[in-house]
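Here is how the chains run, residue by residue.
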Amino acid sequence: MSSNFISFSPPMICFVYAVVIRVLQRTVSPGCLDPADALYYDGSCYFKVFRQVPGKPILSAGEAEEMCNEKNGHLAIIKNEVENTIVSEAAGVKQAWIGAIRNPNNTDEFIWQDGSALTFYCWRQREPNNLLGNENCVKTNYVRLGFWNDTPCKDDKTVHYGVCEKPAQSGGG
């Protein structure tokens, strides 16, 4: 495994900034008006997507990415603890896809879908574990707010949301 994943600490490593979120939620950014419930942080808007088809709530990571693309975004790329908390809150504290994937060129590490390295991560204790050898995508809010889990990219019956990120726009997002 990559050194990024050998020395992770117990779950305390990912302290959730609940007070910061409450303040940020009240911050109105003219660049995050679409969708109306998007959260603003450091030049980006974060919002959840979900399938609105009755009887078919499960969402694959690929479907979530497509839904983000339709809204001029992509699954969230998380660079620090505050951003991780923003993404968790944007998901409505439900399990949701983020933009991390297992590196196809080195299956012992994860990268962001844009090919950039994970410089921050918040794995749940004993994760990532690649259970059954097919856990190539990542969801957040696993067991506790903000913790990540590697999981199959589709057929995870606990994931109904994706969290998208898009640049904030001047004049209405």
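Look a little higher up for the structure.
Residues numbered from 1 in each chain as written. Predicted model: local features only at pLDDT ≥ 70, side-chain atom pairs only at ≥ 80, totals over all residues. Heavy atoms only, no water.

Trainee: Outline the packing of aromatic side chains, listing residues and values.
Mentor: Across all of its chains, the model carries 5 aromatic pairs by this definition. Seen from their ring centres, F110 and W123 are 4.9 Å apart, and the 55° between their planes marks the pair as tilted. Of this pair, F110 sits in strand 5 (residues 110–112) while W123 sits in the loop between strand 5 and strand 6 (137–140), and the two are 13 residues apart along the sequence. A single burial state applies to F110 and to W123, both of which are buried. Put simply, the rings of F110, W112, F120, W123 and W148 pair up and form one aromatic cluster. (Phe/Tyr/Trp six-rings, centres within 6.5 Å; stacked < 30°, edge-to-face > 60°. Helix = DSSP H or I, 4+ residues; strand = E, 2+ residues; numbered from the N terminus. Buried < 20%, exposed > 50% of the residue type's maximum accessible area, 1.4 Å probe, protein only.)

Trainee: Explain the pattern of salt bridges to me, and be specific about the residues and the numbers.
Mentor: One pass over the structure, following the stated rule, counts 4 salt bridges. With its nearest N and O atoms 2.6 Å apart, the salt bridge here joins E63 to R51. Placement of the pair is E63 in helix 3 (residues 61–70) and R51 in the loop between strand 2 (44–50) and helix 3, with a sequence separation of 12 residues. Taking the relative accessible area as the measure of exposure, E63 reaches 27% and is therefore partly exposed. For R51, a relative accessible area of 18% puts it in the buried group. Of the charged contacts, one joins K79 and E83 as a salt bridge, the two residues approaching to 3.6 Å between their closest N and O atoms. For K79, a relative accessible area of 48% translates into the label partly exposed. For E83, a relative accessible area of 2% translates into the label buried. (Salt bridge = Lys/Arg side-chain N within 4 Å of Asp/Glu carboxyl O.)

Trainee: Tell me about the nonpolar core, residues and numbers included.
Mentor: Residues W112 and W148 are the most contacted members of the largest nonpolar core, which totals 26 residues. Looking at this core, the elements that each hand over two or more residues are strand 1 (39–41), helix 4 (81–90), strand 4 (96–102), strand 5 and strand 8 (161–167). In terms of residue count, the dominant contributor to this core is helix 4 (4 residues). Among residues more than four places away in sequence, those in contact with W112 are A76, I77, I78, I98, G99, A100, I101, A117, L118, F120 and W148. By size, the runner-up hydrophobic cluster in this structure holds 14 residues, among which are C32, A38, F47 and V49. (Core = buried A, V, L, I, M, F, W, Y, C linked by side-chain atoms within 4.5 Å. Contact = heavy atoms within 4.5 Å.)

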